[in-house]
Amino acid sequence: MRTLCASTLIGEFFVIGFAGLVAMKTSGLSTGTVWTVSGIAMALCVLLCGMLSRPGAVQIGWALQIGLVLSGFVVTTMFVLGVVFAALWWASVHFGRKVDEAKARFAAASAASPDAA
């Protein structure tokens, strides 16, 4: 799960950065405000990559996805991109857990039969 979720978060890091550039030019917000909010979100993406194995990390990821969708009120395209990344986050968590479970079953089966090589 970690690999899939981290890949999604790194993709979001770049999208948030580019959305910040667009917001700086098209919104009425000050440059400082745009980069403060974008910078915090980008830092959260990177920090969350390292925290994915800890309790609550997936929930923080969901909060980030909600924030990404809500950023559509500043940059309209982010409504679509936020939904796309929320779907990617769901898929990363859902299928990542399935892969982790399959790996655990395989490891248990390999440990149970010592003659299997």
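The rules behind each value
Residues numbered from 1 in each chain as written. Predicted model: local features only at pLDDT ≥ 70, side-chain atom pairs only at ≥ 80, totals over all residues. Heavy atoms only, no water. 1 Å grid on protein atoms, 1.4 Å probe; cavity = no way out; pocket = protein on both sides within 12 Å on 5 of 7 lines; lining within 4 Å. Points joined across faces, edges and corners; volume = space filled by probe spheres on them. Helix = DSSP H or I, 4+ residues; strand = E, 2+ residues; numbered from the N terminus. UniProt positions renumbered as here; feature names shortened; annotations may be inferred. Disulfide = S-S within 2.5 Å. Buried < 20%, exposed > 50% of the residue type's maximum accessible area, 1.4 Å probe, protein only. Axes fitted to C-alpha atoms, helices over the stretch in contact; angles between N-to-C directions. Parallel < 35°, antiparallel > 145°, perpendicular 65-115°, else oblique. Left-handed = near helix turned anticlockwise from the far one by under 90°. Contact = heavy atoms within 4.5 Å. Nonpolar A, V, L, I, M, F, W, Y, C, P; charged D, E, K, R; others polar. Phe/Tyr/Trp six-rings, centres within 6.5 Å; stacked < 30°, edge-to-face > 60°. Patch = residues over 30% accessible without salt bridge, like charges linked within 9 Å, V, L, I, M, F, W, Y side chains within 5 Å. Areas by Shrake-Rupley, 256 points an atom, 1.4 Å probe, with all protein chains shown as cover. Salt bridge = Lys/Arg side-chain N within 4 Å of Asp/Glu carboxyl O.

S.K.: How do you make sense of the layout of surface pockets when you look at a structure like this?
M.R.: Here the idea is plain: a probe the size of a water molecule rolls over the atoms and shows the empty space left. Volume-wise, the largest pocket comes out at about 430 Å³. Surrounding the largest pocket, 21 residues form its lining, Val 37, Ser 38, Ala 41, Gly 67 and Ser 71 being those nearest its centre. Listed by contribution, the elements that provide at least two residues to the lining of the largest pocket are helix 1 (2–26), helix 2 (31–51) and helix 3 (57–70).

S.K.: What am I meant to see in the UniProt feature "transmembrane region" (unreviewed entry) in the chain here?
M.R.: UniProt records the feature "transmembrane region" (unreviewed entry) at residues 34–52 and 64–91, using the numbering of this structure. Across residues 34–52 one finds 95% helix and 0% strand; the C-alpha atoms that close the span lie 27 Å apart.

S.K.: Got a minute to help me understand the state of the cysteines in this structure?
M.R.: Chemically, a disulfide is nothing more than a covalent bond linking the sulfur atoms of two cysteines. All chains considered together, the criterion is met by zero disulfides. With no disulfide partner, Cys 5 has as its closest neighbouring cysteine sulfur the one in Cys 49, 9.2 Å distant. With no disulfide partner, Cys 45 has as its closest neighbouring cysteine sulfur the one in Cys 49, 7.2 Å distant. Judged by its relative accessible area of 0%, Cys 45 falls in the buried class.

S.K.: Is there a simple way to think about the packing of helix 1 against helix 4 (residues 77–112) in this case?
M.R.: Between two packed helices, both the angle of their axes relative to each other and the distance between the axes serve to describe the pair. For the pair helix 1 and helix 4, the least separation of the axes is 9 Å and the interaxial angle reads 170°. Judged by the inter-axis angle, helix 1 sits roughly antiparallel to helix 4. Crossing angle aside, the handedness with which helix 1 passes helix 4 is left-handed. Every residue of helix 4 that contacts helix 1 at Leu 4, Cys 5, Thr 8, Leu 9, Gly 11, Glu 12, Val 15 and Ala 19 is listed here: Met 78, Leu 81, Phe 85, Leu 88, Trp 89, Ser 92, Val 93, Phe 95 and Gly 96. Across the contact of helix 1 with helix 4, the residue classes tally to 12 nonpolar, four polar and one charged.

S.K.: Please explain the packing of aromatic side chains as it appears in this structure.
M.R.: Each pair of aromatic rings is reported with the distance of its centres and the angle of its planes. For the coordinates displayed, the defined rule picks out three aromatic pairs. On the basis of an interplanar angle of 85° and a centroid distance of 5.1 Å, the ring pair of Phe 73 and Phe 79 is categorised as edge-to-face. Relative to Phe 95, the ring of Trp 90 lies with its centre 6.0 Å away and its plane at 80°, an arrangement referred to as edge-to-face.

S.K.: Is there a simple way to explain a nonpolar patch on the surface in this structure?
M.R.: Among the surface-exposed residues, Leu 29, Ile 66, Leu 70, Phe 73, Val 74, Phe 79, Val 80, Val 84 and Leu 88 lie close enough to one another that they form a single nonpolar patch of about 820 Å² accessible area. Elements with a minimum of two residues in the nonpolar patch: helix 3 and helix 4. With respect to the element layout, Leu 29 can be found in the loop between helix 1 and helix 2. Given the relative accessible area of 41%, Leu 29 is considered partly exposed.

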